[in-house]
Amino acid sequence: MHWAMADGPHGGVTVRPVDPDGTPAGPPHTYPHPADALRHHPTADRWIWPSTAAFYPRLLDAGITVPRCHDIEAGEAILLGHEGMWGLPRSLAAACARLRGLPVPDDPPPRSFGGEPESTLFDPEPATPHGIDDVLAVHAAQRDRIAASAAPHRLRLLLAAESAGMLVAAEMHRAGLPWRADVHDALLTELLGGRYPGGLEPPRLAELADDVSRAFGERVRPDLPAEVVRAFRKAGVRVTSTRKWELQDVDHPAVAPLLEYKKLYRLHTAHGWSWLQTWVHDGRFRPEYLPGGAMSGRWTTHGGGALQIPRVVRRAVVADEGWRLVVADADQMEPRVLAAVSGDPGLMAAADGTRDLYEALADRAFAGGRAEAKLALLGAIYGQTSGDALKYLADLRRRFPAAVAYVDEAARAGEEGRLVRSHLGRTCAPSEAADDGEAGLPQEDDGGGASARGGAAARARGRFARNFVVQASAAEWALCLLAALRQELAGMRAELVFFQHDEVIVHCPREEAPAVAKALTAASARAGEVMFGDTPVVFSFTTAVVECYADAK
DNA sequence: AGTCCTCACCGG
DNA sequence: AACTCCGGTGAGGACT
């Protein structure tokens, strides 16, 4: 039985059973706490609520998980995009107002999971509370909108997966990634030479800055790009920036200490002691995950840059005593997804097993080897406009015409401002509508609209759309995988603790590791089935059971 | 003093 | 070999 949940009187909740067709199946009940509702209705197998982020943490605090949910706000965002309306408020209140032709309120500023530091202090008073009947009405309307779409079963799957992602996000935030502050601190001390009190830079950085100045023969601050460029010019070296890839080809004694300085400076500012103190508490790093935070449906995070943990710092991610980390990385996820969504026979054949896709490609089709095959395929997905990838693109086009045509068509549609959708129906906003109106995507011309710049902007939109159909569909596959994995792990002590585009980490007791690996395989197969039916494409993982994240792959 | 912008790096 | 797609974050400087 499905149940709907809404804010109730005095901080409590109101719940009501819902028939499969979306109509009420019984009278409403009111409880002082959502956990009470869950205890009184244990047969509920899907909870329909306005926002997982608003309701679920309170349940998790009470030690309660739910099997499935329908997240009204998440669904609203996807449906609005699908209907070609971007930037509209997604809250239950907004959806309700649209339904009834009333003035639509703006969304409140994003709220934090769990109410860690500085979250709730400045939240405005909640808008007029919306009751259980509003939840039911918007839910029923969303069902109708799905049914009226071109591919209802796909959109239905997308909304279900996105809702499952919301559950996973809340659960992962609560579990946290095991993080050894002492190991991290030792690592920083080793690389930076210890930490000066009083905000001075660490010894190693000071040394390197001196080396740079000595090489230039004058005082140069390495963290000021303009100053570094000027110093190089004076030394007779013409550089346009201080980017690593430009500098590393320059023959000058300042280059080596400068690159080393930049590497360590980055570590110090982005993942140094300040980061450690801010983001790691009680042996856990708890970022806030935002499923669907990027237009492609990829997740984003808030706090601590959780999706950019540098390789060196992964040394500090260590399983608890007697526990293990199961680190699983999807093998060539995007190319395999391209094979499945495009239905290209040759590419599907290359992806029909667990062997390295690029190697299979090189064997079947290319004069070049694995590296060239990878370059060509990623170039096709990214819309590469220069470089070696173009050499192989013609070959790719000849051997895998359907796959290349698939991304080419997306690029054309993007350039022409048409709607572009992922496999399950997530929709790519034309750039004019991308960000609530004003400053859009890559282009920056408005008004006068010089046609030359308009052409460049159109091509940028083309590349965006070309990448979108692959990246968004891949994100959907990953989402389906997470949903399946979450169910496979139910009843075990194992916990999902990290997710990054094509990689998951499960923290589990040592003896559960084999079962977790099995669960991953099963979940991967289920994700492929629900998204693509009986496709020959195989989605495989490289799995490592380790005590320390840095020891995976 | 606070806000916005640029640069540069991290990850996928 | 080259810098193409996505995003988050911090420092520093220019601006109001």
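Structure shown above.
The rules behind each value
Residues numbered from 1 in each chain as written. Chains lettered and ligands numbered in written order. Predicted model: local features only at pLDDT ≥ 70, side-chain atom pairs only at ≥ 80, totals over all residues. Heavy atoms only, no water. 1 Å grid on protein atoms, 1.4 Å probe; cavity = no way out; pocket = protein on both sides within 12 Å on 5 of 7 lines; lining within 4 Å. Points joined across faces, edges and corners; volume = space filled by probe spheres on them. Helix = DSSP H or I, 4+ residues; strand = E, 2+ residues; numbered from the N terminus. Nonpolar A, V, L, I, M, F, W, Y, C, P; charged D, E, K, R; others polar. Domains from an automatic or database assignment. Near = heavy atom within 4 Å. Polar contact = N/O pair within 3.5 Å; in protein donor to acceptor, adjacent residues only side chain to side chain. Pairing = 2+ DSSP bridges. Axes fitted to C-alpha atoms, helices over the stretch in contact; angles between N-to-C directions. Contact = heavy atoms within 4.5 Å. Salt bridge = Lys/Arg side-chain N within 4 Å of Asp/Glu carboxyl O. Buried < 20%, exposed > 50% of the residue type's maximum accessible area, 1.4 Å probe, protein only.

**Student:** What is the right way to read the layout of surface pockets from this model?
**Tutor:** Once rolled over the atoms, a probe with the size of a water molecule shows which space is left empty. Approximately 620 Å³ is the volume found for the second largest pocket. In terms of lining, the second largest pocket is formed by 26 residues, of which the most central are Arg46, Arg68, Arg156, Ala160 and Ala161. Put simply, the parts of the chain that give the lining of the second largest pocket at least two residues each are β4 (46–49), β5 (69–71), α5 (132–147), α6 (152–175), α19 (451–489) and α20 (513–532). Of all the elements, α6 adds the most residues to the lining of the second largest pocket, at 8 residues. Looking at side-chain class alone, the lining of the second largest pocket contains 15 nonpolar, 5 polar and 6 charged residues. When we break the lining of the second largest pocket down by domain, the ones giving at least three residues each are domain 1 (2–114 + 130–175) and domain 3 (289–332 + 477–551).

**Student:** What is the right way to read the protein's contact with DNA strand B from this model?
**Tutor:** Close contacts around DNA strand B come from 18 residues, with Thr242, Lys262, Arg266, Arg311 and Asp502 the closest. The sugar-phosphate portion of DNA strand B accounts for 84% of its atoms within 4 Å of the protein, the bases making up the rest. Take threonine 242: an N or O atom from its side chain is 2.6 Å from a phosphate oxygen of DNA strand B. Within the side chain of arginine 243, one N or O atom sits 3.5 Å away from a phosphate oxygen of DNA strand B. By residue class, the composition of the surface near DNA strand B is 4 nonpolar, 6 polar and 8 charged.

**Student:** Got a minute to help me understand the sheet that holds strand β11 (residues 323–330) in this structure?
**Tutor:** Hydrogen bonding along the main chain pairs the strands of a sheet, whether they run parallel or antiparallel. Within the open sheet, the 4 strands sit side by side as β14-β15-β11-β16. Their pairing is antiparallel. Whereas interior strands pair on both sides, the edge strands pair on one side only; in this sheet they are β14 (495–499) and β16 (541–546). Taken pair by pair, the neighbouring strands of this sheet meet at an average axis angle of 20°, ignoring direction. Note that β14 and strand β15 (residues 503–509) share 4 bridges and pair antiparallel. Along β15, the bridge assignment pairs glutamate 495 with histidine 507. Docked against the sheet, α20 engages β11, β15 and β16, running at close to 150° with respect to β15.

**Student:** Explain the sheet that holds β4 to me, please; I cannot follow it from the model alone.
**Tutor:** Here we have 5 strands laid out as an open sheet, ordered β3-β2-β1-β4-β5, and mixed in their pairing. On the outer flanks of this sheet lie β3 (29–31) and β5, each paired with one strand and no other. Neighbour-to-neighbour, the strand axes of this sheet turn through a mean angle of 25°, independent of strand direction. Bridge analysis of β4 against β5 gives 3 bridges, and the strand direction is parallel. Following the sheet pairing, isoleucine 48 is matched in β5 by histidine 70. Contacting β4 and β5, helix α3 (residues 72–82) crosses the sheet at an angle of about 55° to β5. α6 contacts β4 and β5 of the sheet and is inclined by roughly 100° relative to β5.

**Student:** What am I meant to see in the pattern of salt bridges here?
**Tutor:** Once the charged atoms of two side chains with opposite charge are near each other, the side chains can pair. Evaluated as defined, the whole model comprises 31 salt bridges. Its salt-bridge partner being arginine 298, residue glutamate 334 comes within 3.4 Å of it at the nearest N-O pair. Separated by 36 residues along the polypeptide, glutamate 334 in helix α13 (residues 333–342) and arginine 298 in the loop between β9 (288–290) and β10 (300–302) bring together distant segments of the chain. For glutamate 334, a relative accessible area of 10% translates into the label buried. Where arginine 466 meets aspartate 408, a salt bridge forms, and the shortest distance between an N and an O atom there is 2.9 Å. Taken as a pair, arginine 466 in helix α19 and aspartate 408 in helix α18 (residues 401–415) lie far apart in primary sequence, 58 residues in all. Here the two residues arginine 466 and aspartate 408 agree in accessibility, since each one is buried. Ionic contacts of the salt-bridge type, sharing partners, join the residues Glu76, Glu83, Arg98 and Arg145 into one network.

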